[in-house]
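Residues per chain, in single letters:
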Amino acid sequence: MSKVIILGSSNAIPTRDHENTHMVIVGNDRMVLVDSVSNPILRLEQAGLDFNDLTDIIVTHFHPDHVSGLPLLLMDMWLMGRQKPLNIYGLHYTLDRVEGMMGFYNWSAWPNFFPVVFYRLPASEMTPVLNCDDFIIHASPVNHMIPNIGLRIEFPQSAKKMAYSCDTEPCGEVLRLSTDVDVLIHEATGDEPGHSSAVQAGEIAKQAKAKKLYLIHYPTGRFANGDPVAEAQTTFPGEIILAKDFMSLEF
Ligand SMILES: [Zn+2]
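Described below are features of the structure shown in this document. (Residues numbered from 1 in each chain as written. Predicted model: local features only at pLDDT ≥ 70, side-chain atom pairs only at ≥ 80, totals over all residues.)

Moving on to the overall build of the protein. Each helix and strand in the protein was counted, giving seven helices and 14 strands. Taken over the C-alpha trace, the protein has a radius of gyration of 17 Å; the compact-globule value for 251 residues is 18 Å, and the two agree within 12%. In terms of overall dimensions, the protein has a C-alpha envelope of 55 × 40 × 35 Å along the principal axes. Sequence-distant contacts in the protein: of pairs separated by 6 or more residues, those separated by 24 or more amount to 62%. (Helix = DSSP H or I, 4+ residues; strand = E, 2+ residues; numbered from the N terminus. Rg over C-alpha atoms; globule rule 2.2 N^0.38 Å. Contact = placed C-beta atoms within 7 Å.)

Turning next to the pairing of strand 1 (residues 3–8). For strand 1 and strand 14 (residues 248–250), the ladder comprises three bridges, and the chain directions are antiparallel. Paired with Val-4 across the bridge in strand 14 is Leu-249. The pairing of strand 1 with strand 2 (residues 22–26) spans five bridges and is antiparallel. Following the sheet pairing, Ile-6 is matched in strand 2 by Met-23. (Pairing = 2+ DSSP bridges.)

Our next topic: the nonpolar core. Counting residues in each nonpolar core, the largest one holds 67 residues, and the members touching the most others are Val-24, Leu-151, Met-162, Leu-184, Leu-213 and Leu-215. Not counting residues within four places of it along the chain, the set of residues in contact with Met-162 comprises Val-4, Ile-153, Val-181, Asp-182, Val-183, Ile-185 and Phe-251. (Core = buried A, V, L, I, M, F, W, Y, C linked by C-beta atoms within 7 Å. Buried ≥ 20, exposed ≤ 12 C-beta atoms within 10 Å, placed from the backbone.)

The next thing to look at is the sheet that holds strand 14. If you trace the seven strands from one edge of the open sheet to the other, you get 6-5-4-3-2-1-14, paired in mixed fashion. The open sheet terminates on both sides in strands that have one partner only, identified here as strand 6 (116–121) and strand 14. Pairs of neighbouring strands in the sheet enclose a mean axial angle of 20 degrees, with direction left out of account. (Axes fitted to C-alpha atoms, helices over the stretch in contact; angles between N-to-C directions.)

Our next topic: the sheet that holds strand 12 (residues 212–216). The seven strands lie next to each other as 7-8-9-10-11-12-13, forming an open sheet whose pairing is mixed. The open sheet has two edge strands with one neighbour each: strand 7 (127–131) and strand 13 (239–242). Neighbour-to-neighbour, the strand axes of this sheet turn through a mean angle of 20 degrees, independent of strand direction. Sheet topology note: the strand 12/strand 13 ladder contains four bridges and is parallel. The residue of strand 13 that forms the bridge with Lys-212 is Glu-239. Helix 6 (residues 198–208) rests against strand 11 (183–187) and strand 12 of the sheet, and its axis sits at about 150 degrees to strand 11.

In this model, Asp-180 sits at a positive phi of 60 degrees, which is unusual for a non-glycine residue. Following the sequence through the fold, Asp-180 ends up in the loop between helix 5 (172–177) and strand 11.

Printed below as a string of structure tokens:
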């Protein structure tokens with residue numbers, strides 16, 4: 001059975017129990033990290049996972065709260081003697097900057113670095129990202145301050161479907177990504193440009209006929225305000241859950 005583990009649930013400002021938003025998709029053969037923040041190795045270890053088992057990384061967009069942990073993760077994999085290849089997926093805009101960032105670390109001069117294969121995705125709707133026995137992943141551009149993607153993940157073994165909005169204003173792309181999913185993980189940063197409020201997340205979930213809504217990327221700890229679940233309930237009649245770090249969703 002495949003599962004998705006929430007490794008962080010906070011907006012850009014983490015608090016003690018809420019790391020920046022990122023997650024890992026775990027199947028029988030593949031383990032896919034969605035964004036790499038802070039030090040993902042610690043988060044994966046706390047979730048009972050070994051970072052060397054990662055096969056793929058999807059980088060949604062080049063904001064620090066989604067990508068800043070990538071150089072450290074790659075360096076630590078190299079220090080542990082990794083030899084097997086690692087696939088990294090993202091938009092051209094994103095991966096150009098990821099390679100530039102690694103260039104500042106002069107990583108091409110690090111001896112015996114394991115193969116890293118970059119897959120540059122076109123900014124078009126329902127772009128295939130990964131298709132394996134465990135899951136089928138598609139990406140669509142969403143409406144953020146910089147180029148960004150949301151994801152739709154299908155789990156063939158259970159016939160379940162999940163969508164992840166990533167950071168976005170309400171838009172047709174995120175609605176279509178989320179159509180008829182069993183689980184929609186939607187951001188709830190607030191009603192501001194490039195983001196969505198919990199009320200807006202509920203509207204998307206309702207229009208998409210999602211069965212269950214998880215709110216993520218919301219203000220946490222001492223920065224928390226309001227009651228995101230109650231706010232989303234004003235627009236979405238289904239089950240709503242506030243995503244928390246280390247929640248595990250089974251598919
Ligand atoms: Zn962002």
